[in-house]
Amino acid sequence: MKNKKIKRITIISVSLILLGALSVLCVQANQNDFFKNWGMDVKKHSDNNKQINKYGDFKVAKKGIFSSEKTKLGNIEEIGKDVLVTDEQVSSAKDFYLNKGSDPKTASKDAIEYVKEENALYALAIANGFNVTQKEVVDYVNELKQTYKESENKEDMDKVISAFKSEKEYWEYEYKVYKKLLPIQKYIKSLEDKYMQENQNKYDEDKLSSMWEKKLENIKDNAVKKQHFKKVDKNTKIDDLKQFWNEK
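Here the structure is a predicted model, which means the values were calculated and not measured.

## Focus: the overall build of the chain
Helix and strand content of the chain: nine helices and five strands. Reading the helices (α) and strands (β) of the chain from amino to carboxyl end gives α-α-β-β-β-β-α-α-α-α-α-α-β-α. Sorting the 248 residues of the chain into buried and exposed places 46% on the buried side. Within the chain, counting contacts between residues at least 6 apart in sequence, those at least 24 apart form 71% of the total. Of the roughly 13700 Å² of accessible surface on the chain, a fraction of 48% belongs to carbon and sulfur atoms.

Shown next as structure tokens:
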């Protein structure tokens, strides 16, 4: 199963596969512009987030390694109990769906749903003790680098990376991405391992996989419900929102 000759690497956030939303692997061969276009979108959002983080007033999450990232009032879409949903996060996800061929209305709907699920799962992972260190994130990104070098679809990855000034800049972007994703991945993996171990002798492989997927959907739904996300009024005063966020 770990034959390096058939190893493939996903170009976007692995969470899109983790959450069952999308997979780059299903991109058809005739969609030659997908990876180039997605790379340009990734670069655009990476640059935007750098500026927002530099001058931000609000932590995007209350706890965990991802709480070091900041955002501005005007970039906050929704506020939850432990995490924020930002316009930039939603815009990035929407661009991905658009590149995959979704119509704008569907892309917007799927993007906000995806971001709320991802952010809620991050908060749930942290609450259950699955925070990670900077070293763990660095080590994981280094593993991705190695996978990239050995992957059979390396040329697709090259198209994404080419949108950045350098490969180093691209991997710095991935480091920020996995400050949020790695806790989620570790948490979900622990739940899946436990579920499989408890049920492996009761069902065949296909049935067990299907049941786990349904359970994961319930986990995501419940995680979102726990956050009680609320839309942020664009006329909200920054001091009022700071007090509300700090008191929650």
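Having put the structure on the table, let's press on.
## Points about the nonpolar core
One broad trend across soluble globular proteins is that nonpolar side chains are buried collectively. Membership of the largest hydrophobic core comes to 56 residues, with the highest contact counts inside it found for Leu121, Tyr122, Val137, Tyr170, Trp171, Tyr178 and Ile188. Sorting the residues of this core by element identifies helix H2 (34-55), helix H3 (87-99), helix H4 (104-127), helix H5 (134-150), helix H6 (154-161), helix H7 (167-199) and helix H8 (205-227) as the ones contributing at least two each. Within the second largest apolar cluster, seven residues are counted, among which are Phe58, Leu84, Val232 and Leu241.

## Some details on the sheet that holds strand S4 (residues 84-86)
Within the open sheet, the three strands sit side by side as S4-S3-S5. Their pairing is antiparallel. Where the open sheet ends on each side, the last strands, each with one partner, are S4 and strand S5 (230-231). By the bridge criterion, three bridges tie strand S3 (residues 76-79) to S4 in an arrangement that is antiparallel. Paired with Ile76 across the two strands is Thr86, which belongs to S4. Against the sheet, H4 touches S3 and S4, its axis set at about 145° to S4.

Rules used throughout
Residues numbered from 1 in each chain as written. Predicted model: local features only at pLDDT ≥ 70, side-chain atom pairs only at ≥ 80, totals over all residues. Heavy atoms only, no water. Helix = DSSP H or I, 4+ residues; strand = E, 2+ residues; numbered from the N terminus. Buried < 20%, exposed > 50% of the residue type's maximum accessible area, 1.4 Å probe, protein only. Contact = heavy atoms within 4.5 Å. Areas by Shrake-Rupley, 256 points an atom, 1.4 Å probe, with all protein chains shown as cover. Core = buried A, V, L, I, M, F, W, Y, C linked by side-chain atoms within 4.5 Å. Pairing = 2+ DSSP bridges. Axes fitted to C-alpha atoms, helices over the stretch in contact; angles between N-to-C directions.

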